[in-house]
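# Architecture and fold: a report
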There are 2 protein chains.
Amino acid sequence: MSLRPLILVSNDDGITAPGIRALVEVALEFGDVLVVAPDKPQSAMGHAITINQPIRLVEIHNFDYSLPHDKHSLRTYQCSGTPVDCVKIAIDKLLDRRPDIMLSGINHGSNSSINVIYSGTMSAAVEASIDGMKAVGFSLCDYAWTADFEPAKSVIRAVVTEYLNRELPYGTLLNVNIPKGEVKGLKICRQAMAKWKEDFDRRTDPFGRDYFWMTGQFVNEDHGQDTDEWALSQGYASIVPTQFDLTDHNRMGSLNQWGFERYDKI
Amino acid sequence: MSLRPLILVSNDDGITAPGIRALVEVALEFGDVLVVAPDKPQSAMGHAITINQPIRLVEIHNFDYSLPHDKHSLRTYQCSGTPVDCVKIAIDKLLDRRPDIMLSGINHGSNSSINVIYSGTMSAAVEASIDGMKAVGFSLCDYAWTADFEPAKSVIRAVVTEYLNRELPYGTLLNVNIPKGEVKGLKICRQAMAKWKEDFDRRTDPFGRDYFWMTGQFVNEDHGQDTDEWALSQGYASIVPTQFDLTDHNRMGSLNQWGFERYDKI
């Protein structure tokens, strides 16, 4: 049995994406790697899971012939489900011990600010964190399939080195976004409070019926200099401590003054 | 132009679910209603959005012939997308003013505790909140299609009455879960820190290949008496103030001590 750290890897761009290839290459420097990734692109799937249809899970041996690929150092599976499904089935069917860390990505495109909530890449990391693993989602702010992931690898090395030697309490994971090109350094940030302004493109099909493509504009009116958007705009990688407890604890006091006790025995 | 409140309604069980029928009936007591709901069940879709295929949006006139159904009091649309898509396309293509409140549900089954993160019903409400609307997700702890929604209606009336007269700051919405049967009252709660333990059911198809059904057991080791799970177990409806800022602000200080400034100019 190997004594090297065990690293679980997934993403949302699918098993064929160059981004996950780059992440696995760095992960192998730290330990043995189990990849369970979607068999097709699953971007923007959020925290979706597959409950109404069966899921396929297939071991593949052609992930990358140039990487060490034996049953100890690197095992790779493709799954027909969502990114969250990939993590769940890895936990139940493939892992015989808890991974030392789970890494998700490298996403082709930003998952900063409100994008974290739509991202399958981040949701895979969140699911690992729910299970109690250390977990990090990595995203490069470049949507191109041919993006240059080399500068991102240094950021990944730094984050994994530090996180493997430290603990965060249950319920916290990391969302790391990396600017395109040269990286000036790493900044601890909060998620910018920005949003997408919807703009559906209406078209007509050959049969005369309307259909729509979702497009949108990213609108950031949060001008704080402690946000991920600000750090990225300055050339820094952003590290946001991220949680999955959605309770707004600060609002519990004011809600208690709404007088809901008047509705007892309704 | 009507001066009644305008209420946007969606869900994740789809436009044909009895739960959304019950919610619309209550909503019509408060104002004019626009329904935009999935044209098929979309449970457990989380915050997924549809970016790789086009979306259909069709007005329907047979939602319920017993309800008032003219262009002012009730308009109903089915959408081929996810619950979040429904809210986004309503904002861009159907609404000519901001709704006074957005209501999602009534979900067939619980969205308490960690279920909030998987729920399409809650994600629709979260999306409305991101856009700046007052928003509430309602769920009945009964998965049956034939569930009795009558006791839930009193809870909805109470929550909508109070919320229409008050404000919550941007970034906060409400997650309301309602126990099956008689409701003792309403409690402000935090989300219980519980999780699902995965248990994939492996089967073999007629061609000799494995496939899996996702199943699981809900495990709650959070025994606090201020949680939604506790309130529901005692016969109370739970109201959790819910946020979509996933930043774990309490961890930013400790992360700043990890020494990432050592990696400047990496």
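This text gives an overview of the structure that appears in the document. (Residues numbered from 1 in each chain as written. Chains lettered and ligands numbered in written order. Predicted model: local features only at pLDDT ≥ 70, side-chain atom pairs only at ≥ 80, totals over all residues.)

### A word on the interface of chain B and chain A
Across the boundary between the two partners, chain B contributes 73 residues, which contact 73 residues of chain A. The element that contributes the greatest number of residues to the side of chain B that touches chain A is helix H2 (residues 83–94) of chain B, accounting for six residues. Among the residues forming the side of chain B that touches chain A, the class breakdown is 39 nonpolar, 16 polar and 18 charged. (Contact = placed C-beta atoms within 7 Å. Helix = DSSP H or I, 4+ residues; strand = E, 2+ residues; numbered from the N terminus. Nonpolar A, V, L, I, M, F, W, Y, C, P; charged D, E, K, R; others polar.)

### Notes on the relation of the copies chain B and chain A
Look at the two chain copies: a rotation about an axis and a shift along it is all it takes to match them. The transform that puts chain B on chain A rotates by 180° and translates by 0.0 Å along the axis, for an RMSD of 0.0 Å. Interpreted geometrically, this transformation is the action of a two-fold axis. Both copies present the same face, since 100% of the interface residues in chain B are matched by interface residues at the equivalent positions in chain A. (Least-squares fit on C-alpha atoms with pLDDT ≥ 70 in both.)

### With respect to the sheet that holds strand S7 (residues 172–178) of chain A
All names here are of chain A. Ordered by their spatial adjacency, nine strands build an open sheet running S3-S4-S2-S1-S5-S6-S7-S11-S8, and the pairing between neighbours is mixed. Each of the sheet's edge strands pairs with one partner strand only, and the pair in question is strand S3 (57–60) and strand S8 (186–188). Within the sheet, the average angular offset between the axes of one strand and its neighbour, ignoring direction, is 25°. Across four bridges, strand S1 (residues 6–10) lies against strand S2 (residues 32–38) in parallel orientation. (Pairing = 2+ DSSP bridges. Axes fitted to C-alpha atoms, helices over the stretch in contact; angles between N-to-C directions.)

### Section: the nonpolar core
Formed by 163 residues in total, the largest nonpolar core has its most connected members in Leu-23 and Ile-239 of chain A together with Leu-23 and Ile-239 of chain B. Among all residues touching Leu-23 of chain B, those that are not within four sequence positions of it are Val-9, Leu-103, Gly-105, Ile-106, Phe-138 and Ile-156 of chain B. (Core = buried A, V, L, I, M, F, W, Y, C linked by C-beta atoms within 7 Å. Buried ≥ 20, exposed ≤ 12 C-beta atoms within 10 Å, placed from the backbone.)

### What to know about the pairing of strand S6 (residues 135–140) of chain B
Residues and elements named next belong to chain B. Most of S6 sits out of view: six of its six residues are buried. Direction of pairing for S6 relative to strand S7 (residues 172–178): parallel, over a ladder of five bridges. From the neighbouring strand, Gly-137 faces S7, where its bridge partner is Asn-175.

### Details of the sheet that holds strand S2 (residues 32–38) of chain B
Residues and elements named next belong to chain B. Pairing within the open sheet is mixed, and its nine strands lie in the order S3-S4-S2-S1-S5-S6-S7-S11-S8. Two strands in the sheet have a free side with no partner beyond their single neighbour: strand S3 (57–60) and strand S8 (186–188). On average, each strand axis in the sheet is inclined to that of its neighbour by 25°, with strand direction left out of account. Bridge count for S2 against strand S4 (residues 74–79) is six bridges, and the pairing is parallel. Directly across from Leu-34, in S4, lies its bridge partner Arg-75. This element, helix H1 (residues 18–30), spans strand S1 (6–10), S2, S4, strand S5 (101–108) and S6 of the sheet and lies at about 150° to S5.

### Notes on helix H4 (residues 120–130) of chain A
Of all eleven residues in H4 of chain A, eleven are buried; the element is thus mostly enclosed. Just downstream of H4 of chain A lies Gly-132 of chain A, where phi reads positive at about 105°.

### Points about unusual backbone geometry
Residues and elements named next belong to chain A. Residues Gly-105 and Ile-106 are joined by a peptide bond in cis, for which omega reads -15°. Here Ile-106 shows up in strand S5 (residues 101–108). Although it is not a glycine, Ala-44 sits at a positive phi angle of roughly 60°. On the secondary structure map, Ala-44 appears in the loop between S2 and S3. Despite not being glycine, Ser-113 shows a phi value in the positive range, around 55°. Given 27 C-beta atoms within 10 Å, Ser-113 falls into the buried group.

### Focus: the packing of helix H1 (residues 18–30) of chain A against helix H5 (residues 150–164) of chain A
Residues and elements named next belong to chain A. As a packed pair, H1 and H5 sit with axes 10 Å apart at the nearest point and diverge in direction by 40°. As the angle between them shows, H1 and H5 are arranged oblique. You can see that H1 and H5 cross each other, and the crossing is right-handed. Of the residues in H5, those touching H1 at Ala-22, Leu-23, Val-26 and Phe-30 are Ala-152, Lys-153, Ile-156, Arg-157, Val-160 and Leu-164. Within the contact of H1 with H5, the residues separate by chemical class into eight nonpolar, no polar and two charged. (Parallel < 35°, antiparallel > 145°, perpendicular 65-115°, else oblique. Left-handed = near helix turned anticlockwise from the far one by under 90°.)

### Topic: helix H5 (residues 150–164) of chain B
Residue and element names in this part refer to chain B. The end-to-end C-alpha separation of H5 is 22 Å, in line with the 21 Å expected for 15 residues at 1.5 Å each. Among all positions in H5, only Ala-152, Val-155, Ile-156, Ala-158, Val-159, Val-160 and Tyr-163 are buried. Where H5 is buried, its residues meet H1, S5, S6, S7, S8 and strand S11 (237–243). (Expected span 1.5 Å × (residues − 1).)

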